[in-house]
Amino acid sequence: MATTQRKVVVFPSKNELYEAMAKYTANLSAKFCKEKGLFTVVLSGGDLIDWLCKLVQPPYIDSIEWSKWHVFWVDERVCSWDDPNSNYKLAMDGFLCKVPIPSQNIYAIDKHLASDGNAENCATLYEECLRNLVKENIIPICAKTGFPQFDLELLGMGPDGHMASLFPGHNQINEKEKWVTYITDSPKQPPKRITFTLPVINSALYNLMAVCDKEQAHAVAEIMKQNKPLPSAHLSAQVENVWYLDQAAASML
Ligand SMILES: O=C(O)[C@H](O)[C@@H](O)[C@H](O)[C@H](O)COP(=O)(O)O
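Note that the structure is a prediction, hence the values are computed from the model and not measured.

**Considering the nonpolar core**
Now for step 1: Formed by 88 residues in total, the largest nonpolar core has its most connected members in L43, W69, F72, W73, F95, L96 and F196.
Now for step 2: Sort the elements by how many residues they give to this core and helix 1 (residues 14-36) lands first, with ten residues.
Now for step 3: Excluding anything up to four places from it in sequence, W73 contacts V42, L43, N87, Y88, A91, L96, I106, Y107, A108, Y126 and F196.

**Let's talk about a nonpolar patch on the surface**
Now for step 1: A surface patch of nonpolar side chains, about 240 Å² in accessible area, is lined by V8, V10 and L253.
Now for step 2: On the secondary structure map, V10 appears in strand 1 (residues 6-11).

**As for the side chain of H70**
Now for step 1: With respect to the helices and strands, the residue H70 is situated in strand 3 (residues 69-73).
Now for step 2: Residue H70 is classed as buried on the basis of its relative accessible area of 7%.
Now for step 3: Not counting residues up to four positions away in its chain, the partners in contact with H70 are L38, F39, T40, V41, N105, Y107 and I138.

**Considerations on the environment of N174**
Now for step 1: Here N174 is to be found in the loop between strand 5 (152-156) and strand 6 (180-183).
Now for step 2: Given the relative accessible area of 48%, N174 is considered partly exposed.
Now for step 3: When the C-alpha positions of N174 and P231 are compared, they lie 9.7 Å apart, and in sequence the two are 57 residues distant.

**Brief notes about the site of the ligand**
Now for step 1: In the region of the ligand, 15 residues are neighbours, and G45, D75, R77, H162 and K188 sit closest.
Now for step 2: Here H162 contributes a side-chain N or O atom positioned 2.5 Å from an oxygen atom of the ligand.
Now for step 3: Contacts to the ligand include Q216, whose side-chain N or O atom sits 3.4 Å from an oxygen atom.
Now for step 4: Computed on the free molecule, the ligand has an accessible area of 410 Å², of which 92% lies beneath the protein chains in the complex.

**Looking at the sheet that holds strand 9 (residues 240-246)**
Now for step 1: Overall, parallel pairing links the six strands, which are arranged 1-9-8-5-2-3 in an open sheet. Each edge of the sheet is formed by a strand with only one pairing partner; in this case those strands are strand 1 and strand 3. Neighbouring strand axes in the sheet, compared pairwise and without regard to direction, differ in orientation by 20° on average.
Now for step 2: Both strand 8 (residues 206-211) and strand 9 contribute to a ladder of six bridges, which runs parallel. Bridging across to strand 9, A210 finds its partner in Y244.

**Observations concerning the state of the cysteines**
Now for step 1: Following the criterion strictly, the structure yields zero disulfides and no others.
Now for step 2: The cysteine C129 is free of any disulfide, with C122 supplying the nearest cysteine sulfur at 12 Å.
Now for step 3: With a relative accessible area of 22%, C129 lands in the partly exposed category.

Scoring rules and cut-offs
- Residues numbered from 1 in each chain as written.
- Predicted model: local features only at pLDDT ≥ 70, side-chain atom pairs only at ≥ 80, totals over all residues.
- Heavy atoms only, no water.
- Core = buried A, V, L, I, M, F, W, Y, C linked by side-chain atoms within 4.5 Å.
- Buried < 20%, exposed > 50% of the residue type's maximum accessible area, 1.4 Å probe, protein only.
- Helix = DSSP H or I, 4+ residues; strand = E, 2+ residues; numbered from the N terminus.
- Contact = heavy atoms within 4.5 Å.
- Patch = residues over 30% accessible without salt bridge, like charges linked within 9 Å, V, L, I, M, F, W, Y side chains within 5 Å.
- Areas by Shrake-Rupley, 256 points an atom, 1.4 Å probe, with all protein chains shown as cover.
- Salt bridge = Lys/Arg side-chain N within 4 Å of Asp/Glu carboxyl O.
- Near = heavy atom within 4 Å.
- Polar contact = N/O pair within 3.5 Å; in protein donor to acceptor, adjacent residues only side chain to side chain.
- Pairing = 2+ DSSP bridges.
- Axes fitted to C-alpha atoms, helices over the stretch in contact; angles between N-to-C directions.
- Disulfide = S-S within 2.5 Å.

Next comes the structure, spelled out in structure tokens:
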């Protein structure tokens, strides 16, 4: 399934990395809005949302066709929408509330099931939501993989090399059929989460993995040396798999 070579860019400062992330996202938004009238974007949680700060500033905030965006989460914590742990809340407060994306184009985890804490049902329903959007021609199916194909996924990596909620030593990374799966014993808190599976993640046209800070430097080095099968080492994309690193994250390369 791995189709593209990993492209790595190291930035002299975090500010330059943030600027490049905004530019990359804005360029793809313009391309896909022009080509097909919509842009499907997948967010993760963690620090990534802060790193998207430049998107909500000029010139990007005024030039992006926000009404054509469709927003998804690569993983989500199973908790209520107003819980400080919620990736939905994080993205809403830090990014989405600042831009005019129609609320019906924001595809969050089911509010009630998430509050109830049933991870399996949340994953089933999120997959159903994606399947409906395939029927509505919002999300195409990747001809090569047979899985849904998002335009851009904005990803982060934990110090243990996890991406989305695919953690080392947990079997979610091996899922080959489902589109969305779940975990109830995540090593990163909180323990209950839903997550896109690897075939879905790797079916995206563009994957941008952003990694900052020294805590991640060891995992970055292991992944680049190809000598440790960490979940993030499996990241691929159909057109481009690009890694943006700051100096600290690249310090052990
Ligand atoms: O639920 C989460 O925690 C995130 O969605 C997760 O996938 C994140 O992208 C990585 O864990 C990196 O997170 P940090 O930026 O906090 O290291």
